[in-house]
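Secondary and tertiary structure notes
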Amino acid sequence: MIAPLLAMAPASISWSPKVALVMIVCNVIAIAIGKATIQQQNVGLKLPSDNFFGGFSHGAMLGTTSLGHILGMGAILGLASRGVL
């Protein structure tokens, strides 16, 4: 009974510029969310250029881009299952 369930797997989506654009947009949204909500954005290790990274520390940038990748994964899988990507 369990063997047929284990054999079912969703079709994976291959990389394309559309997939990359969705991931970039999701990361930009997550950075904007982090910029608005993180109270101590510059505590900890500094990144090389404050102007380029918006004054974020290493931890803040890592956290926001991690959130962006989680959002991007959900968006890509959702759009792929709808047939948009």
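No experiment lies behind these values; they were computed from the predicted model shown.

Some points on helix α2 (residues 17-37)
End to end, α2 covers 30 Å across 21 residues, agreeing with the expected 30 Å (1.5 Å per residue, within 8%). Of all the residues in α2, the buried ones are Val19, Val22, Cys26, Asn27, Ala30 and Gly34. Each buried residue of α2 lies within a common arc of 130 degrees when the element is viewed along its axis, so the set occupies one face. Pointing more than 90 degrees away from the buried face of α2 are the exposed residues Pro17, Lys18, Leu21, Ile24, Val28 and Ala36.

Focus on the packing of aromatic side chains
In this description, a pair of aromatic rings is defined by centroid distance and the angle of the planes. Using the criterion set out here, one finds 0 aromatic pairs in the structure. Of note, Lys35 hangs over the ring of Phe56, and the distance from its end group to the ring centre comes to 5.4 Å.

Details of the UniProt feature "transmembrane region" (unreviewed entry) in the chain
Under the present numbering, the feature "transmembrane region" (unreviewed entry) in UniProt falls on residues 20-38 and 59-80. In residues 20-38, the share of helix is 95% and the share of strand is 0%. The end C-alpha atoms are 26 Å apart. The span residues 59-80 is 100% helical and 0% strand by assignment, and the distance between its end C-alpha atoms comes to 31 Å.

Conventions and cut-offs
Residues numbered from 1 in each chain as written. Predicted model: local features only at pLDDT ≥ 70, side-chain atom pairs only at ≥ 80, totals over all residues. Heavy atoms only, no water. Helix = DSSP H or I, 4+ residues; strand = E, 2+ residues; numbered from the N terminus. Expected span 1.5 Å × (residues − 1). Buried < 20%, exposed > 50% of the residue type's maximum accessible area, 1.4 Å probe, protein only. Arc of directions from axis to C-beta. Phe/Tyr/Trp six-rings, centres within 6.5 Å; stacked < 30°, edge-to-face > 60°. Lys NZ or Arg CZ within 6 Å of the ring centre and 35° of its normal. UniProt positions renumbered as here; feature names shortened; annotations may be inferred.

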